[in-house]
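If you want the building blocks of each chain, they are given just below.
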Amino acid sequence: MSAPTIINSPVSIRRSRVAVSASYAAQGFGYAVVVTSLPNLKTRYGIDDTVVSLIVLLVCLSAAGGSLLADRLALRWGSRVALVVGLLLEAVALPLIASPVGLPAFIAAFAIYGAGLGIVDAAGAMQGVLVQQRVGVSVMAGFFAWYTGAAIVGALLMSAVAGTAANASIALVAGAVVALAIAIAGVRGFDPRLTKLTPAPDAAPHGKLPGRGIALFGTVVLAAFVVDSAVSTWSTVYLHDVLLTGAAIAPLGYAAYQAAILVTRIGADLLVRRFGRVVLAACTTALAILGCLLVAMVPATWAAVAGFALAGFGVGALVPLAFSAAGDLHEARSDEVIARVNLFNYAGAVLGAVLVGLLADTTGLAQAFLLPMALLVPVLFLARRFAPRPQRT
């Protein structure tokens, strides 16, 4: 009977919370340096935008496979092992991406990175849910805040060292060092529990996962990542090419979007404790819908920047809320549930970048932002499903 006491001791909980926060930071930092290094790497290898798009698609497909692998690893050894493995894969892949290797090895390195990315995305969410269950209050948004904050740091580092592919490699290697350090520390720091060993009294039968709940919260994640991918890919293009803003002003839409995400994630846990997940999900979704509508209907710089910021409030809240609610669906098998919900992440990322671009050719880029808005509307009607399940005594 002593092991559960040790696992649930304040020191153990604090250690796990810090370790999981660090894993989110490592993931955000690494992803930021990868995506911001692409222009320099594109020059190094003499590849065009089509090849870059195919590499991004490869990363998404590999990440989806990594998410499924995280499920298998977590079932066998726990999400702690899965998270360590994912971080180690990233630590191997990032120096390969940074090195002047041949194009086939370069592409293979992105496939390895994508697998690590998917494992860390899924296993990090599994760990976050486990820690949140131990803490007993909402802490999930705080983990995502570390991701966003570290991503900003990664982008700033790349801005400081960029100029050539060789200089960009400094930031990529830094991402590998961070991932390796957190993987080593996580061996002791991450939550060691196997969720399948602690079934809840009211859990669904072991052979059946809550498919409807997975689809529901997966749809929320998909909608959020369609918005995220659309804004990340097209906001600067829209401001520069359509609204004809200067080169210094065009990135402000994306900057406002990321700032709103960070602010939301810093405060979301406190708001959940005060008002509940349902209220926060409904309010932030409404703000994101308004933001997309503002971008689509008001062709002005101020409207675009404000609209992208409002969209950030929605994405900043919906992703951690969806994973928190998904973890409640079946606490005894939360790892498996999270791995499946995480798959919708990559579908949303591809759809947001590709479909908005295709629509822009026919409707115009501004009106193309009505697509992510339309996907957010059903989330308003799903908000009540974010309510926590009643506690059994």
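Analysis parameters
Residues numbered from 1 in each chain as written. Predicted model: local features only at pLDDT ≥ 70, side-chain atom pairs only at ≥ 80, totals over all residues. Heavy atoms only, no water. UniProt positions renumbered as here; feature names shortened; annotations may be inferred. Helix = DSSP H or I, 4+ residues; strand = E, 2+ residues; numbered from the N terminus. Contact = heavy atoms within 4.5 Å. Lys, Arg positive; Asp, Glu negative; His and termini not counted. Charge placed at Lys NZ, Arg CZ, Asp CG, Glu CD. Phe/Tyr/Trp six-rings, centres within 6.5 Å; stacked < 30°, edge-to-face > 60°. Domains from an automatic or database assignment. Buried area = accessible area lost by both parts, 1.4 Å probe. Salt bridge = Lys/Arg side-chain N within 4 Å of Asp/Glu carboxyl O. Polar contact = N/O pair within 3.5 Å; in protein donor to acceptor, adjacent residues only side chain to side chain. Nonpolar A, V, L, I, M, F, W, Y, C, P; charged D, E, K, R; others polar. Buried < 20%, exposed > 50% of the residue type's maximum accessible area, 1.4 Å probe, protein only. Arc of directions from axis to C-beta. 1 Å grid on protein atoms, 1.4 Å probe; cavity = no way out; pocket = protein on both sides within 12 Å on 5 of 7 lines; lining within 4 Å. Points joined across faces, edges and corners; volume = space filled by probe spheres on them. Core = buried A, V, L, I, M, F, W, Y, C linked by side-chain atoms within 4.5 Å. pLDDT = per-residue confidence, 0-100. Axes fitted to C-alpha atoms, helices over the stretch in contact; angles between N-to-C directions. Parallel < 35°, antiparallel > 145°, perpendicular 65-115°, else oblique. Left-handed = near helix turned anticlockwise from the far one by under 90°.

- As annotated in an unreviewed UniProt entry, the protein is MFS transporter from Cryobacterium lactosi.
- Under the UniProt heading Subcellular location (unreviewed entry), the note attached to the protein is "Cell membrane".

Description of the overall build of the protein
- Counting its secondary structure elements, the protein contains 14 helices and zero strands.
- The linear arrangement of helices and strands in the protein, starting from the amino end, is α-α-α-α-α-α-α-α-α-α-α-α-α-α.
- Taken along its principal axes, the extent of the C-alpha atoms in the protein is 65 × 45 × 35 Å.
- Taking as baseline every contact in the protein between residues at least 6 positions apart, the subset at least 24 positions apart corresponds to 84%.
- A gap of 11 Å separates the mean positions of the 24 positive and 15 negative side-chain charges of the protein.

A word on unusual backbone geometry
- A positive phi angle, close to 60°, is found at Leu244, a residue other than glycine.
- Structurally, Leu244 is set in the loop between helix 8 (211–242) and helix 9 (252–275).

Here we look at the packing of aromatic side chains
- One pass over the structure, following the stated rule, counts nine aromatic pairs.
- The rings of Tyr24, Phe143, Phe144 and Phe323 are connected pair by pair, giving a single aromatic cluster.

Describing the domain arrangement of the protein
- Parsing the protein into structural domains produces domain 1 (12–195) and domain 2 (210–387).
- With centres defined by C-alpha atoms, the gap from domain 1 to domain 2 works out at 21 Å.
- Contact with domain 1, which involves 33 residues of that partner, is made by 28 residues of domain 2.
- Across the interface of domain 1 and domain 2, roughly 2500 Å² is buried in total on both sides, 61% from carbon and sulfur atoms.
- Across the domain 1-domain 2 interface, the total number found is one salt bridge.
- Arg340 is the salt-bridge partner of Asp71, the closest N and O atoms lying 2.7 Å from each other.
- Here domain 1 is connected to domain 2 by twelve residue pairs in polar contact (both at pLDDT 80 or more).
- Sorting the residues of the side of domain 1 that touches domain 2 by element identifies helix 3 (49–77), helix 5 (103–135) and helix 6 (140–161) as the ones contributing at least two each.
- For the side of domain 1 that touches domain 2, the element with the highest residue contribution is helix 3, accounting for ten residues.
- The residue inventory of the side of domain 1 that touches domain 2, partitioned by class, reads 19 nonpolar, ten polar and four charged.

Topic: helix 14 (residues 370–382)
- Of all the residues in helix 14, the buried ones are Pro372, Met373, Leu376 and Val379. Projection of helix 14 onto a plane perpendicular to its axis shows the buried side chains occupying an angular sector of 100°, all on one side.
- Buried residues in helix 14 make contact with helix 8, helix 10 (277–297), helix 11 (301–329), helix 12 (334–363) and helix 13 (365–368).

Looking at empty space enclosed by the protein
- The tally for this structure, following the rule as stated, stands at one cavity of 30 Å³ or more.
- Space inside the largest cavity adds up to approximately 50 Å³.
- Along the walls of the largest cavity sit Gln132, Ser138, Met140, Ala141, Ala268, Asp269, Val272, Ala317, Pro320, Leu321 and Ser324, which together make up its complete lining.
- Of all the elements in the fold, those that place two or more residues in the lining of the largest cavity are helix 6, helix 9 and helix 11.
- Across the lining of the largest cavity, the residue classes tally to seven nonpolar, three polar and one charged.
- No fewer than three residues from each of domain 1 (12–195) and domain 2 (210–387) sit in the lining of the largest cavity.

Points about the nonpolar core
- Membership of the largest hydrophobic core comes to 81 residues, with the highest contact counts inside it found for Leu87, Phe308, Phe323 and Phe386.
- Counting residues per element, this core draws most heavily on helix 8, at 13 residues.
- A domain-level breakdown of this core finds at least three residues from each of domain 1 (12–195) and domain 2 (210–387).
- Val34, Ile47, Val59 and Ala109 belong to the second largest nonpolar core, which has 30 residues in total.

Focus on the confidence of the model for the protein
- Taken residue by residue, the protein gives an average pLDDT of 87. The fraction at 70 or more is 92%.
- A low-confidence stretch, residues 1–5 stays under pLDDT 50, and its non-local contacts, those more than four residues away or across chains, total zero contacts.
- Ignoring residues within four places in sequence, the model shows residues 197–205, a span with pLDDT below 50, making ten contacts including any to other chains.

Some remarks on the packing of helix 6 against helix 9
- The contact between helix 6 and helix 9 brings their axes to 7 Å, and the two run at 150°. Between helix 6 and helix 9, the angle is such that the two are roughly antiparallel. Between helix 6 and helix 9 lies a crossing whose hand is left-handed. Across from Met140, Ala141, Gly142, Phe144, Ala145, Thr148, Gly149 and Ile152 in helix 6, the residues of helix 9 making contact are Gln258, Ile261, Leu262, Arg265, Ile266, Ala268 and Asp269.

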